[in-house]
Amino acid sequence: MGIFELFITAVALSMDAFAVAMCKGLATPKLKIKHMLLAGLWFGGFQALMPLIGYLLGGTFGKYITAYDHWIAFGLLAFLGGKMIWEAITAGDEPANGSFAVREMFLMAVATSIDALAVGVTFALLPNVNIVWAVTFIGALTFAFSAVGVKLGNIFGERFKAKAELAGGIILVCMGIKILLEHLNVIFF
């Protein structure tokens, strides 16, 4: 696998994390550098860890992982997005949930990196893949995209605080549906 193919793969894998990081930024009223670093570490770390796990599992469990990865990602994103939508509708004038709690970040990091697990299985089947370089590159790029995503989401959220959490929840649910439909081979124009 060449550097160009790895770059395209890393960008594609990091887009879900970028979108979720933007949602976190939307709901964070007083953004600090630690929020950007936390998002980068969680999402970048899982985007690096999952392909490594997939690579190590290789062909042995690959068919089982890829058979259900889209359902797991859909379920987690739909749950988290639904929770955000419910909180936005029922909260009234309360501030949006900008929590970076371990449980919430863990679930979001897993949900956005399930597809990276399948990519890791693919890496195991390809000749000449330097897995250490690949996962380091994917993790670093996702870290950067996630940190920037939190900042961009926060800038947007400052202007539209009332709708920030609702928009974030809708985005998460839509991402889950998109992942599910892509894996079920539903084609859109």
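Reading the values: rules and limits
- Residues numbered from 1 in each chain as written.
- Predicted model: local features only at pLDDT ≥ 70, side-chain atom pairs only at ≥ 80, totals over all residues.
- Heavy atoms only, no water.
- Helix = DSSP H or I, 4+ residues; strand = E, 2+ residues; numbered from the N terminus.
- Buried < 20%, exposed > 50% of the residue type's maximum accessible area, 1.4 Å probe, protein only.
- Contact = heavy atoms within 4.5 Å.
- Areas by Shrake-Rupley, 256 points an atom, 1.4 Å probe, with all protein chains shown as cover.
- Expected span 1.5 Å × (residues − 1).
- Bend = angle between axes of the 7 residues up to and from the residue.
- Salt bridge = Lys/Arg side-chain N within 4 Å of Asp/Glu carboxyl O.
- Phe/Tyr/Trp six-rings, centres within 6.5 Å; stacked < 30°, edge-to-face > 60°.
- Lys NZ or Arg CZ within 6 Å of the ring centre and 35° of its normal.

## Looking at the overall build of the chain
Phase 1: Each helix and strand counted, the chain has five helices and zero strands in total.
Phase 2: Overall, the chain shows an N-to-C arrangement of helices and strands of α-α-α-α-α.
Phase 3: In the chain, which comprises 189 residues, the share counted as buried stands at 46%.
Phase 4: Counted over contacts in the chain with a minimum sequence separation of 6, partners at least 24 positions apart contribute 94%.
Phase 5: When the accessible surface of the chain is split by element, carbon and sulfur atoms take 72% of a total near 9,900 Å².

## Structural notes on helix 3 (residues 102-125)
Phase 1: When the terminal C-alpha atoms of helix 3 are compared, their 34 Å separation across 24 residues agrees well with the 34 Å that a helix rising 1.5 Å per residue should span.
Phase 2: The largest bend in helix 3 comes to about 45°, at S113.
Phase 3: Buried residues dominate helix 3, accounting for 17 of its 24 residues.

## Brief notes about the pattern of salt bridges
Phase 1: Considering all chains together, one arrives at one salt bridge under this definition.
Phase 2: Across the pair E104 and K24 runs a salt bridge, and its minimum N-O distance is 2.9 Å. Placement of E104 in helix 3 and of K24 in helix 1 (residues 3-26) is noted, with a sequence separation of 80 residues between them. Each of the two residues, E104 as well as K24, counts as buried.

## Details of the packing of aromatic side chains
Phase 1: Going through the model one piece at a time under the given rule, you end up with five aromatic pairs.
Phase 2: Each ring, one from W133 and one from F137, has its centre 5.4 Å from the other, and the planes form 40°; the classification is tilted. One end of the pair is W133 and the other is F137, both in helix 4 (residues 131-159) and four residues apart, which spans about a single turn.
Phase 3: Among the residues examined, F137 registers a relative accessible area of 19% and is labelled buried.
Phase 4: The ring of F100 carries K24 above its face, with NZ or CZ at 5.3 Å from the centroid.

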